[in-house]
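Coordinate analysis (summary)
Listed below are the residues making up each chain.
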Amino acid sequence: MWKNRNVWIILVGEMIAGLGLWTGIIGNLEFMQERIPSDFLKSVIMAIGLLAGILVGPLAGKIIDQTKKKNVLLISGFGRMVSVSFMLIAIWTGSIWWMVAFMISIQLSAAFYFPALQATIPLVVKDDQLLQMNGWHMNVATMARVIGTALAGVVLVYWSLQSLYFMSIIAYSGLLIFTFMLRIEEEEGREAQVKVAAPGKGGFMEVFPILKSYPAVMMTLVMTLIPLLFIGSFNLLVINISEMQDSSSIKGAIYAAEGIAFMLGTVAVKYIGMKWRTSTILFVFAFIIGFAELILIFANIPVLSVVAFAVFGFSVGCFFPTAMTIFQKQMPKAFHGRFFSFRNMLERVIFQVVLLATGALLDLIGLQWMVVVFGVLSLSLTTIFLVQMKRRDIHLDTNTKPVEI
């Protein structure tokens, strides 16, 4: 795998893009913390951008499958770079509306970029290298998150807020250069086969029958919703824990602990996968994610709040590379663009619901009761999915052929 130049290009590009992404996110949090007192209003602003990504999702999936993925990556990468200029205007004018414009534009670009990247990975590595590649890809993204958040913290101490967004523009420019260097060979005649498979239909309408034919993919897709309860509320949780403990430094400690634990998980899952079945990995770590949420009942204690995020990070580091490998191996490549766009759209819907619910619950019942609700819900959903998998006799490890419907 490491002799493949495309692998290095993707990983280095992800590192650069991640630095731009997370310096921007820290800037967003700082901007909102200074100007928006309500947690619910913060969540509404975040959700507006996600809604834009949801609306464009079906179009994005169809375009990704019908055009060269490299072109999609280049155009959407350029869009991410341009969108940062809206945030610079928001800082200079003090207008929340320009921040909303930034949220919408960056999410529109992401709605094309990430599904295209996920559909590209199976085209540049062999099937038996997918778990390792997915693990390293997520690992590099997490390294970028740790470095990016730490770097952003230093920049905020010594320079102005807009410096973070200039750094984002430079990073996204670097991403464009590395994307241009990619060499992707796509199968000839693939799109024609897709059109014959479901004449007269387009977008996600072609994905639903396929999902019914591959119950392992469907089950894994539903399972990925469990970590989103934690991920969707992540930034608001960090802000509230920082305020509860009256400590700005706890933000950096939480991001660092979660990021390092995530990287350890992406490395460990390769060895865990040699001894555990795929279904065991998914369900064990889904349960652990629920318990990590419950640990945040003690969020007023710095050590336990950091431990909770570290446990969550390690669990997600094992969970997501395994789930992504199931998707890439079992879902036909001809539908990868639409499937990953559908998955991203589904995640955005859940993110939006979780964001709004988190903001409302934080205002109404506070952080500690909110994590009880989320923890119990995660454990309950995991139990229900486990029962359903046993009842329907779904085998995540071996069910690689479609089921007749």
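Residues numbered from 1 in each chain as written. Predicted model: local features only at pLDDT ≥ 70, side-chain atom pairs only at ≥ 80, totals over all residues. Heavy atoms only, no water.

Quick look at the overall build of the chain
Tallying secondary structure elements over the chain gives 16 helices and 0 strands in all. In terms of overall size, the chain behaves like a compact globule, its C-alpha atoms giving a radius of gyration of 21 Å where 405 residues would be expected to give roughly 22 Å. On the principal axes, the C-alpha backbone points of the chain span a range of 55 × 45 × 40 Å. Long-range contacts, defined as pairs at least 24 residues apart, comprise 86% of the intrachain contacts of the chain with a sequence gap of at least 6. Here the chain holds 29 positive side-chain charges and 22 negative ones, and the gap between their average locations is 6 Å. (Helix = DSSP H or I, 4+ residues; strand = E, 2+ residues; numbered from the N terminus. Rg over C-alpha atoms; globule rule 2.2 N^0.38 Å. Contact = heavy atoms within 4.5 Å. Lys, Arg positive; Asp, Glu negative; His and termini not counted. Charge placed at Lys NZ, Arg CZ, Asp CG, Glu CD.)

Comments concerning the packing of aromatic side chains
Applying the stated criterion to the full structure yields 10 aromatic pairs. Every member of this aromatic cluster is reached through a ring pair, and the members are Phe-230, Phe-234, Phe-309 and Phe-312. Taking NZ or CZ as reference, Lys-70 lies 5.0 Å from the ring centre of Phe-180, over its face. A cation over a ring is seen here: Arg-80 above Tyr-113, with NZ or CZ 4.7 Å from the ring centre. (Phe/Tyr/Trp six-rings, centres within 6.5 Å; stacked < 30°, edge-to-face > 60°. Lys NZ or Arg CZ within 6 Å of the ring centre and 35° of its normal.)

Regarding the packing of helix H2 (residues 39–66) against helix H4 (residues 96–124)
Where H2 contacts H4, the axes come no closer than 7 Å and their chain directions differ by 30°. With respect to their mutual orientation, H2 and H4 come out roughly parallel. Where H2 crosses over H4, the two elements pack in a sense that is right-handed. Of the residues in H4, those in contact with Ile-45, Met-46, Ile-48, Gly-49, Leu-50, Ala-52, Gly-53, Val-56, Ala-60, Ile-63 and Ile-64 of H2 are Ile-96, Met-99, Val-100, Met-103, Ile-104, Gln-107, Leu-108, Ala-111, Phe-112, Pro-115 and Ala-116. (Axes fitted to C-alpha atoms, helices over the stretch in contact; angles between N-to-C directions. Parallel < 35°, antiparallel > 145°, perpendicular 65-115°, else oblique. Left-handed = near helix turned anticlockwise from the far one by under 90°.)

Notes on a nonpolar patch on the surface
A contiguous nonpolar patch, built from Ile-297, Phe-298, Ile-301, Val-303 and Val-307 and spanning about 390 Å² of accessible area, is present on the exposed surface. Its relative accessible area of 58% is what places Val-303 among the exposed residues. (Patch = residues over 30% accessible without salt bridge, like charges linked within 9 Å, V, L, I, M, F, W, Y side chains within 5 Å. Areas by Shrake-Rupley, 256 points an atom, 1.4 Å probe, with all protein chains shown as cover. Salt bridge = Lys/Arg side-chain N within 4 Å of Asp/Glu carboxyl O. Buried < 20%, exposed > 50% of the residue type's maximum accessible area, 1.4 Å probe, protein only.)

What about the environment of Ile-106?
Inspection of the secondary structure puts Ile-106 in helix H4. Its relative accessible area of 12% is what places Ile-106 among the buried residues. It is 14 Å that separates the C-alpha atoms of Ile-106 and Leu-73, two residues lying 33 residues apart in sequence. Residues within four places of Ile-106 in sequence aside, it is in contact with Arg-80, Ser-83 and Tyr-172.

Thoughts on the confidence of the model for the chain
Across the chain, the average pLDDT comes to 80, with 90% of residues at 70 or higher. By mean pLDDT, helix H7 (residues 190–197) is the weakest element of the chain at 38, and helix H13 (residues 278–295) is the strongest at 90. Across residues 188–202, confidence stays below pLDDT 50; counting only partners more than four residues off in sequence or on other chains, it has 16 contacts. Scored below 50 in pLDDT, residues 398–405 shows 14 contacts in the model against residues more than four places distant or in partner chains. (pLDDT = per-residue confidence, 0-100.)

Section: the nonpolar core
Met-223, Leu-296 and Phe-309 are the most contacted members of the largest nonpolar core, which totals 87 residues. Per-element accounting of this core gives the leading share, 10 residues, to helix H14 (residues 302–330). Leave out the neighbours within four places in its chain, and Met-223 touches Leu-282, Phe-283, Ala-286, Phe-319 and Phe-385. Ala-60, Phe-112, Val-140 and Leu-175 belong to the second largest nonpolar core, which has 26 residues in total. (Core = buried A, V, L, I, M, F, W, Y, C linked by side-chain atoms within 4.5 Å.)

Notes on the environment of Phe-385
Mapped onto the elements of the fold, Phe-385 is located in helix H16 (residues 367–392). Along the chain, Phe-385 and Trp-369 lie 16 residues apart, while their C-alpha atoms are 25 Å from each other.

Considering helix H3 (residues 69–93)
Over its 25 residues, H3 extends 37 Å from the first C-alpha to the last, a length consistent with the 36 Å expected when each residue adds 1.5 Å. Just past H3, the residue Gly-94 takes up positive phi, approximately 75°. (Expected span 1.5 Å × (residues − 1).)

What about the packing of H3 against helix H6 (residues 162–180)?
Running from amino to carboxyl end, H3 crosses H6 at an angle of 170°, the nearest separation of the two axes being 9 Å. Relative to H6, the element H3 lies roughly antiparallel. Counting all contacts with H3, which are made through Lys-70, Leu-73, Leu-74, Gly-77, Phe-78, Arg-80, Met-81, Val-84, Met-87, Leu-88, Ile-91 and Trp-92, the residues of H6 involved are Gln-162, Tyr-165, Phe-166, Ser-168, Ile-169, Tyr-172, Ser-173, Leu-175, Leu-176, Thr-179 and Phe-180. By residue class, the composition of the contact of H3 with H6 is 16 nonpolar, 5 polar and 2 charged. (Nonpolar A, V, L, I, M, F, W, Y, C, P; charged D, E, K, R; others polar.)

Observations concerning H13
Helix length check: H13, at 18 residues, gives a terminal C-alpha distance of 26 Å against a target of 26 Å (1.5 Å per residue), a fit within 8%. Buried residues of H13: Thr-278, Ser-279, Ile-281, Leu-282, Phe-283, Phe-285, Ala-286, Ile-289, Gly-290, Ala-292 and Glu-293, and no others. The elements touched by buried residues of H13 are helix H9 (215–223), helix H10 (225–232), helix H12 (249–275), H14 and H16.

Details of the environment of Ile-210
Note that Ile-210 resides in helix H8 (residues 207–213). Exposure remark for Ile-210: the relative accessible area of 16% places this residue in the buried category. Sequence spacing of Ile-210 and Val-303 is 93 residues, and the spatial spacing of their C-alpha atoms is 46 Å. For Ile-210, the residues in contact, after removing those within four places along its chain, are Met-331, Pro-332 and Phe-335.

Remarks on the side chain of Ser-315
Examined against the element boundaries, Ser-315 turns out to sit in helix H14. Using a relative accessible area of 1% as the deciding quantity, one classes Ser-315 as buried. Dropping the residues within four chain positions of it, Ser-315 is found in contact with Phe-285, Ile-288 and Ile-289.

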